[in-house]
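Descriptive structure summary
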Amino acid sequence: MWEHQRKLHRAAQHFEQLKAQVRGWEEGQGYTLRVVPDPDPPHYVVRAEVVRPVEDEPFPLVLGDFLQNARAALDYIAGALGTVGAGGWMTESDALATMFPITRSPERFAQVVERRLPTVTGPVRAAIEDLQPYKTGGDFPELEPLWIVNEMARLDRHRFLHVGAERIGSLSLNPNTSRNVRVEDLQVTEGPLDFAIVDGLEEAVIEGGEDSAILARLTANPIDARQEM
């Protein structure tokens, strides 16, 4: 197995570990959801409260391990291509300078390509350029996966650990604990939350570090006014 494949394999292992830890946090009461009365009946709010802060979980470290292995796999590819282009082992100075460049503009790529791919052949350089975010991302290169992985890995190495965010995709009544309830006018709360459009639906996001947040406001009335709600 090539070195870059081993790095990618290790990154995949960390990714599976990360998903398992997130599931454990979700299913292990990492947070609670409560429906509480608003001061103005019959309105209610859905409040999320963090029980186990995400920043205290192992997520940031495992995410960092995933990012570093994924980013290193690209540099291993650049090193292998540089060795082939050199017709043998690169000089020490060329080997130290070689890395897989990731840029947002053709001008920046032109500035770094000679330094970062000193022995890589022209056709291979062209193929690497075709993968650059400014080539694949149009007007939004910073949204390309290659750029995101590069930036997150860079920040993880030098600046701070990444803390995750929990996303609430839908809200519905639990039939086992709800009786004679009709929900009307369910609205995702604006304010301290961030929002994301996923599959055409607006989703509320609780950013890591917040102890609690109101996810939604709703109006609730009894289906049968003669019965308790």
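In this text the structure is predicted, and so the values were computed from the model without any measurement. (Residues numbered from 1 in each chain as written. Predicted model: local features only at pLDDT ≥ 70, side-chain atom pairs only at ≥ 80, totals over all residues. Heavy atoms only, no water.)

Considering a nonpolar patch on the surface
On the surface, a nonpolar cluster with roughly 370 Å² of combined accessible area is contributed by Leu33, Leu171, Leu173, Val183 and Leu186. Turning to its location among the elements, Val183 is positioned in strand β4 (residues 181-188). (Patch = residues over 30% accessible without salt bridge, like charges linked within 9 Å, V, L, I, M, F, W, Y side chains within 5 Å. Areas by Shrake-Rupley, 256 points an atom, 1.4 Å probe, with all protein chains shown as cover. Salt bridge = Lys/Arg side-chain N within 4 Å of Asp/Glu carboxyl O. Helix = DSSP H or I, 4+ residues; strand = E, 2+ residues; numbered from the N terminus.)

Some words on the packing of aromatic side chains
Per the counting criterion, the structure on display carries two aromatic pairs. With a centroid separation of 5.4 Å and 40 degrees between ring planes, the pair formed by Phe15 and Phe66 is classed as tilted. Here Phe15 is found in helix α1 (residues 3-27), whereas its partner Phe66 is found in helix α2 (residues 59-86), with 51 residues between them in sequence. Looking at Phe15, the relative accessible area reads 36%, which means it is partly exposed. Centre to centre, the rings of Trp25 and Phe59 are 6.5 Å apart; their planes meet at 85 degrees, and the pair counts as edge-to-face. Note that Trp25 is positioned in helix α1 and Phe59 in helix α2, a separation of 34 residues in sequence. One exposure class covers both Trp25 and Phe59, and it is buried. (Phe/Tyr/Trp six-rings, centres within 6.5 Å; stacked < 30°, edge-to-face > 60°. Buried < 20%, exposed > 50% of the residue type's maximum accessible area, 1.4 Å probe, protein only.)

Examining the side chain of Gln132
Structurally, Gln132 can be placed in the loop between α5 (122-130) and α6 (133-136). Once you skip the residues sitting within four places of it in the chain, Gln132 turns out to touch Phe100, Pro101, Ile102, Thr103 and Phe109. (Contact = heavy atoms within 4.5 Å.)

Section: the packing of α1 against α2
Where α1 contacts α2, the two axes come as close as 8 Å, and the packing angle between them is 160 degrees. Regarding the angle of α1 to α2, the classification is roughly antiparallel. Between α1 and α2 lies a crossing whose hand is left-handed. Looking at the contact of α1 with α2, its residues break down into 15 nonpolar, five polar and four charged. (Axes fitted to C-alpha atoms, helices over the stretch in contact; angles between N-to-C directions. Parallel < 35°, antiparallel > 145°, perpendicular 65-115°, else oblique. Left-handed = near helix turned anticlockwise from the far one by under 90°. Nonpolar A, V, L, I, M, F, W, Y, C, P; charged D, E, K, R; others polar.)

Details of the pairing of strand β7 (residues 212-222)
Where strand β2 (residues 43-50) and β7 come together, seven bridges link them in antiparallel fashion. For Glu49, the partnering residue across the bridge sits in β7 and is Ser212. Where β4 and β7 come together, six bridges link them in antiparallel fashion. Opposite Val188, over in β7, you have Ala216 as the bridge partner. (Pairing = 2+ DSSP bridges.)

Considerations on the packing of helix α4 (residues 106-116) against α5
Contact pair α4 / α5: the axes reach a minimum separation of 12 Å and the direction vectors enclose 140 degrees. The angle between α4 and α5 places the two elements in the oblique class. Read as a crossing pair, α4 and α5 show a hand that is right-handed. Residue-level inspection shows Phe109, Val113 and Glu114 of α4 in contact with α5, the latter providing Arg125, Ile128 and Glu129.

Concerning the pattern of salt bridges
Overall, the coordinates contain eight salt bridges when judged by the stated rule. Between Arg154 and Glu151 there is a salt bridge whose closest N-O contact spans 2.7 Å. With Arg154 and Glu151 both in helix α7 (residues 145-158) and three residues apart, this pair spans about one turn of that helix.

Quick word on the sheet that holds β2
Ordered by their spatial adjacency, four strands build an open sheet running β1-β2-β7-β4, and the pairing between neighbours is antiparallel. At either margin of the open sheet sits one strand with a lone partner, and together these are β1 (31-37) and β4. Across the sheet, the mean angle separating the axes of adjacent strands is 30 degrees when strand polarity is ignored.

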